[in-house]
Amino acid sequence: MNAERIRWGQAHGAAHRRRVYRTADALEVDEAGGFEIVRRRVFFTEIRLVTLHRARPGAAVWVLAALAGIALLAGLVSGRSGIPAYVLYGVTGLSAFGAMVSSAPVWVVTAHGRRTRAELRFRLRQARAEQVYGELCHLVGEAQSALAARLAEEEPRRPDPLAGITGIPAPPSPAIEPA
Amino acid sequence: MIPPETPETAEPPRPLPPRPRFRRAYPGPACPYCGAPLAPEEMAAGPALCLACAGSFEATPFQPPPSYVPPLALAEAGPAGATPCAAHAGNAALGNCPRCGIFLCALCRTEVDGQGLCPACFDRLAAERGLPSLRNSLADLQSLALLAGIVGLFFFFLGVVTGPLTLVLSGFAVRQKRRGEGSGGWGGILLACGLGVAQIGIGLFTIARGFRT
């Protein structure tokens, strides 16, 4: 494994924790589920498209808001004091806070490779998302031009079959006709 | 005596293959909002609009070069490059395998971890786990250490057993992280270490109190 890994972002889901690292030649996505980490790589030389967008709030906002409303109603019904009411008010506050956090704007940088993709989510950090997007595009451009140059160097030179034969005139160079 | 009839073609039942995990296939570049397929070849860098959902986003398309050089036929290579590949007699060799030394053409060479290996050496090293970049599944030692630390708190009377176990797992997690293989920050490891020390303290206190009473 590459020792020079820089943590760039994360994209946690309901069932998985995903962390994205930057290495010298790829983005590494560590997906932790249970007690196992599954690693995927999106190589810079294979990236076809990089996008940046603002994610729309998901269903979690509405679920948490509904939970907050139900808990508030139940608390009001059960009385203004007493331990059950305090617990219900606590659930109301926590759910409302969760809904507020879930509705906060999230900027997502996605790198679409040939075989897989990597996603980085930045909650309330638009500037950081734009910085990562720019850096990623720069790295991808550099890596792909370096690979193209290396392949052009390694491209086997196909010798001219007429090179060693004397007496045969060299093919004329194409003349450029003036327009 | 007639021997019992046994079918000659009877084979032992084969074990069922492991059930594959459900994974959605990667469809290629897609709209970040609706998942409609996008064609990066037809896109320009800058603001983009999905025709399916009218979602707007910023996009930068790339055209990755092909990842290999097409092999050169031996007849085309000329007298200077007339070494044939060990596996493909019609192809000119590009070089040698750094492990076994056989001649390789562009078809045979596999670039991995900075070396161009032949298929046999690649298979052998992959089977021996000698190629670090091929490892894509690791134990999450940090989470294991945290789990041992939290579960051990519930069995505090066994703290002298679960505490060192937590510390040992934390040590493994530190080693994994230093090798660049672990995932997550140092906070979880430090928390697990703290829990391990606390368990040992609580365990020793419980034992001392038991002896006193």
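It should be noted that the structure appears before, not after, this text.
No experiment lies behind these values; they were computed from the predicted model shown. (Residues numbered from 1 in each chain as written. Chains lettered and ligands numbered in written order. Predicted model: local features only at pLDDT ≥ 70, side-chain atom pairs only at ≥ 80, totals over all residues. Heavy atoms only, no water.)

Participant: Which residues make up the overall build of chain A, and what values go with them?
Facilitator: Check the secondary structure of chain A and you find three helices and seven strands. Ordered by position from the N terminus, the helices and strands of chain A form the series β-β-β-β-β-α-α-β-β-α. The 179 residues of chain A split such that 35% are buried. Contacts spanning at least 24 positions in sequence make up 46% of the contacts within chain A whose residues lie at least 6 apart. (Helix = DSSP H or I, 4+ residues; strand = E, 2+ residues; numbered from the N terminus. Buried < 20%, exposed > 50% of the residue type's maximum accessible area, 1.4 Å probe, protein only. Contact = heavy atoms within 4.5 Å.)

Participant: Please provide a residue-by-residue account of the interface of chain A and chain B, values included.
Facilitator: Counting residues at the interface gives 49 residues for chain A and 50 residues for chain B. Counting each side, the surface lost to burial between chain A and chain B is near 4200 Å², with a carbon and sulfur contribution of 55%. There are two salt bridges connecting chain A and chain B. Between R48 of chain A and E41 of chain B there is a salt bridge, and its shortest N-O distance comes to 2.8 Å. If you list the elements that add at least two residues to the side of chain A that touches chain B, you get β2 (17-22), β3 (26-33), β4 (36-43), β5 (49-55) and α3 (126-154) of chain A. Top contributing element to the side of chain A that touches chain B by residue count: α3 of chain A, with ten residues. The class makeup of the residues in the side of chain A that touches chain B is 18 nonpolar, ten polar and 21 charged. The pairing of β5 of chain A with strand β2 (residues 56-61) of chain B spans four bridges and is classified as antiparallel. When the bridges of β2 of chain B are listed, L49 of chain A appears paired with P61 of chain B. (Buried area = accessible area lost by both parts, 1.4 Å probe. Salt bridge = Lys/Arg side-chain N within 4 Å of Asp/Glu carboxyl O. Nonpolar A, V, L, I, M, F, W, Y, C, P; charged D, E, K, R; others polar. Pairing = 2+ DSSP bridges.)

Participant: Before we move on, could you go through the pairing of strand β1 (residues 46-49) of chain B and cite the residues and values that matter?
Facilitator: Residue and element names in this part refer to chain B. One ladder, built from four bridges, connects β1 with β2; its direction is antiparallel. When the bridges of β2 are listed, P47 appears paired with E58. Turn length for the β1-β2 hairpin, with the two strands adjacent in sequence and antiparallel, is six residues, and the turn residue A54 shows positive phi of about 65 degrees.

Participant: Outline helix α4 (residues 159-178) of chain B, listing residues and values.
Facilitator: All names here are of chain B. Compared with the 28 Å implied by 1.5 Å per residue over 20 residues, the 28 Å span of α4 between its first and last C-alpha is a close match. Looking only at α4, the buried set comprises G159, T162, G163, T166, L169, S170, A173 and Q176. Take α4 and look down its axis: the buried residues cluster within an arc of 140 degrees, on one side only. Exposed and oriented more than 90 degrees from the buried face of α4 are V161 and R178. (Expected span 1.5 Å × (residues − 1). Arc of directions from axis to C-beta.)

Participant: Describe unusual backbone geometry, listing the residues and the values that go with them.
Facilitator: The phi angle at A54 of chain B is positive, at roughly 65 degrees, despite the residue not being glycine. Turning to its location among the elements, A54 of chain B is positioned in the loop between β1 and β2.

Participant: Would you mind going over the side chain of R39 of chain A in detail, with residue names and values included?
Facilitator: Relative to the elements of secondary structure, R39 of chain A occurs in strand β4. Within polar-contact distance, the side chain of R39 of chain A engages the side chain of D30 of chain A at 2.7 Å. (Polar contact = N/O pair within 3.5 Å; in protein donor to acceptor, adjacent residues only side chain to side chain.)

Participant: Can you explain the packing of aromatic side chains? Please cite residues and give values.
Facilitator: Per the stated rule, a full pass over the model turns up one aromatic pair over all chains. With 6.4 Å between their ring centres and 80 degrees between their planes, F155 of chain B and F157 of chain B make a pair best called edge-to-face. For F157 of chain B, a relative accessible area of 46% translates into the label partly exposed. In this structure, R5 of chain A is placed above the aromatic ring of Y21 of chain A, and the distance from its NZ or CZ to the ring centre is 3.9 Å. The ring of Y33 of chain B carries R56 of chain A above its face, with NZ or CZ at 4.2 Å from the centroid. (Phe/Tyr/Trp six-rings, centres within 6.5 Å; stacked < 30°, edge-to-face > 60°. Lys NZ or Arg CZ within 6 Å of the ring centre and 35° of its normal.)

Participant: Give me the lowdown on the pattern of salt bridges, citing residues and values where you can.
Facilitator: If the charged atoms of two oppositely charged side chains come close together, the side chains can form a pair. Summed over all chains, the structure comprises twelve salt bridges over all chains. Here E46 of chain A makes a salt bridge to R115 of chain A, at a shortest N to O gap of 2.8 Å. A residue pair is termed long-range when its members are at least 10 positions apart, and E46 of chain A in the loop between β4 and β5 and R115 of chain A in the loop between β6 (106-112) and β7 (117-123) qualify at 69 residues. Look at E46 of chain A and you get buried, because its relative accessible area is 14%. Ionic pairing is found between R109 of chain B and E111 of chain B, a salt bridge with its closest N-O pair at 3.7 Å. With relative accessibility at 28%, the residue R109 of chain B sits in the partly exposed group. Here the residues in one salt-bridge network are R5, E28, D30, R39 and R41 of chain A, joined through shared partners.

Participant: Account for the environment of Y33 of chain B, with residues named and values stated.
Facilitator: Residue position: Y33 of chain B is located in the segment before β1. Taking the relative accessible area as the measure of exposure, Y33 of chain B reaches 24% and is therefore partly exposed. In this structure, the C-alpha to C-alpha distance between Y33 of chain B and A54 of chain B, residues 21 residues apart in sequence, is 9.2 Å. Aside from chain neighbours lying at most four places away, what touches Y33 of chain B is H53, R54 and R56 of chain A together with C53, G55, S56 and F57 of chain B. Polar contacts involving the side chain of Y33 of chain B include one to the main-chain carbonyl oxygen of R54 of chain A, which spans 3.1 Å. Here S56 of chain B takes part through its backbone oxygen, which lies 3.3 Å from a polar atom of the side chain of Y33 of chain B.

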